[in-house]
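This is what each chain is made of:
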Amino acid sequence: TGRPDTTRYPLRLPAETSADLRELTSAPALVDMGDGRLRGVLAYNGQFPGPTWNARSGDRITVRAWNGLTEETITHWHGLLVDYQNDGGPRLGVAPGQFYDYNFQVVQRAGLNFYHPHPHMLTGKQVCLGLAGAFIVRDAEEDALSLPSGAYEVPLILRDANFDNQGNLAYNPTTSGFKGKFPLVNGTLRPRLDVDRGVYRFRVLNGANARVFKLVLSNAAPFTVIGNDGGLLRSGASATTIELGMAERLDLLVDFSELGAGQTVTLRCESARWDLVQ
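Along each chain, the written sequence defines residue order, and numbers are assigned to residues from 1. Only residues with pLDDT of at least 70 get local features here, since the model is predicted, and only at 80 or more are side-chain atom pairs given and counted; chain-wide, interface and lining totals rely on the full set of residues. No hydrogens and no water enter the side-chain calculation; it runs on all heavy atoms of the structure.

Asker: Lay out the overall build of the protein chain with the relevant residues and their values.
Answerer: Strands here mean DSSP runs of E at least two residues long; helices mean DSSP runs of H or I at least four residues long; both are numbered from the N terminus. Helix and strand counts for the protein chain come out as three helices and 22 strands. Throughout, radius of gyration means the C-alpha value; the globule benchmark is 2.2 Å times the number of residues raised to the power 0.38. Taken over C-alpha atoms, the radius of gyration comes to 18 Å for the protein chain, in line with the 19 Å a tight globule of 278 residues would show. Along the three orthogonal principal directions, the C-alpha set of the protein chain runs to about 55 × 55 × 30 Å. Surface accessibility in these figures is a Shrake-Rupley result with a 1.4 Å probe; residues are shielded only by whichever protein chains are displayed. About 13,100 Å² of surface is accessible on the protein chain, with carbon and sulfur atoms providing 50% of the total.

This is how it looks when you write it as structure tokens:
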């Protein structure tokens, strides 16, 4: 009909894993971004975004990372406190068909981190084409706060994207970096999330290459910021607008207690005039 597709698709929640995941493979994959169409991406273990790691402070991570790409790669643990051999920096890149073994202990307080490729001169491309995943650390300090959990704790990996004429993810950067024309949240196009009345905890990551997200709620309700890149704050802070830079993380509480049945609130990027999640 020529009319734009305004269908909203259920928000994908990345598959969760624990500290005992033993193999992580970077390779091409076909994924459904919610609209039923298979699109080409690069993915960890065939998942877009990659599996959400759930670990506790003190856990030991022992994983073999396989390179199933046609070019060098290496996996970096962004935000985790690890030594050089486990950091996944550019000098540790491995060739196609090869692997790299990681063995490190989680030695930090609770917070949201993430993992992504970090090969020399190829990082932006490989992340843009799909290689990224969340890494959540938990500890006793967080446990004692009785924060929203289970279905009331939702990771939101924000990013932008472009597509080629076959509908696959495309990487076409400019001198100022890559800025896509379409938003994706947890690898989902035009997502929606059904919520109950009550307080939700959103673990937010800016997974974009060069875009700053200016976050607002459509009803001008406040976010309660309880954490950032370094973990939980001493106390919560209220804000109606938040700017989130590349690779930054936020830990937010949003109260839906006043919503009536059938009412909607939309998380928006004000600077791009995008609706992110309804």
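Asker: Let's hear about the packing of aromatic side chains: which residues, and what values?
Answerer: When the centres of two rings from Phe, Tyr and Trp lie within 6.5 Å, Trp using its six-membered ring, the rings pair. Their planes under 30 degrees apart give stacked, over 60 give edge-to-face, and anything left gives tilted. Applying the stated criterion to the full structure yields 16 aromatic pairs. Here W77 and Y115 contribute two aromatic rings whose centre-to-centre distance is 5.7 Å and whose plane-to-plane angle is 40 degrees, an arrangement assigned as tilted. Taken together, the residues span a long stretch of sequence, with W77 in strand 7 (residues 75-78) and Y115 in strand 9 (residues 111-117) at a distance of 38 residues. Using a 1.4 Å probe on the protein chains alone, a residue whose accessible area is under 20% of its type maximum counts as buried, one over 50% counts as exposed, and one in between counts as partly exposed. In this structure W77 comes out as buried when scored by relative accessible area, which is 1%. Taken together, a centroid distance of 6.1 Å and an interplanar angle of 15 degrees make the contact between Y200 and F202 stacked. Taken together, the ring pairs connect Y44, W53, W77, Y100, Y102, F104, Y115 and F135 into an aromatic cluster.

Asker: Talk me through the sheet that holds strand 2 (residues 16-17); I want residue IDs and the actual numbers.
Answerer: With mixed pairing, five strands are arranged side by side in an open sheet as 2-5-10-9-7. Looking at strand neighbours, the two that pair on one side only are strand 2 and strand 7, the edges of this open sheet. Here strand 5 (residues 52-56) pairs with strand 10 (residues 133-138) via four bridges, running parallel. Bridge assignment links W53 to a residue of strand 10, and that residue is F135. Following DSSP output, two strands are said to pair if at least two bridges run between them.

Asker: Would you mind going over the state of the cysteines in detail, with residue names and values included?
Answerer: Working definition: a disulfide is two cysteine sulfur atoms within 2.5 Å of each other. In this structure the tally under the stated criterion is zero disulfides. Sulfur of C128: no disulfide; nearest cysteine sulfur belongs to C269 and is 16 Å away. Taking the relative accessible area as the measure of exposure, C128 reaches 6% and is therefore buried.

Asker: Explain the pattern of salt bridges residue by residue, including any values.
Answerer: When a carboxyl oxygen of Asp or Glu lies within 4 Å of a side-chain nitrogen of Lys or Arg, that pair is called a salt bridge. In total, this model carries 18 salt bridges according to the counting rule given. The salt bridge involving R203 is made with E142; its shortest N-O contact spans 3.9 Å. With R203 in strand 15 (residues 199-206) and E142 in helix 3 (residues 140-143), this pair connects stretches of sequence that are 61 residues apart. The pair R203 / E142 is uniform in exposure class, with both members buried. R211 is the partner of D160 in a salt bridge, and the nearest nitrogen-oxygen pair spans 2.8 Å. Within this pair, whereas D160 is found in strand 11 (residues 153-163), its partner R211 is found in the loop between strand 15 and strand 16 (213-217), the two being separated by 51 residues in sequence. For R211, a relative accessible area of 13% translates into the label buried. Several salt bridges share partner residues, and in doing so they unite R138, E142, E153, R201, R203 and D251 into one network.

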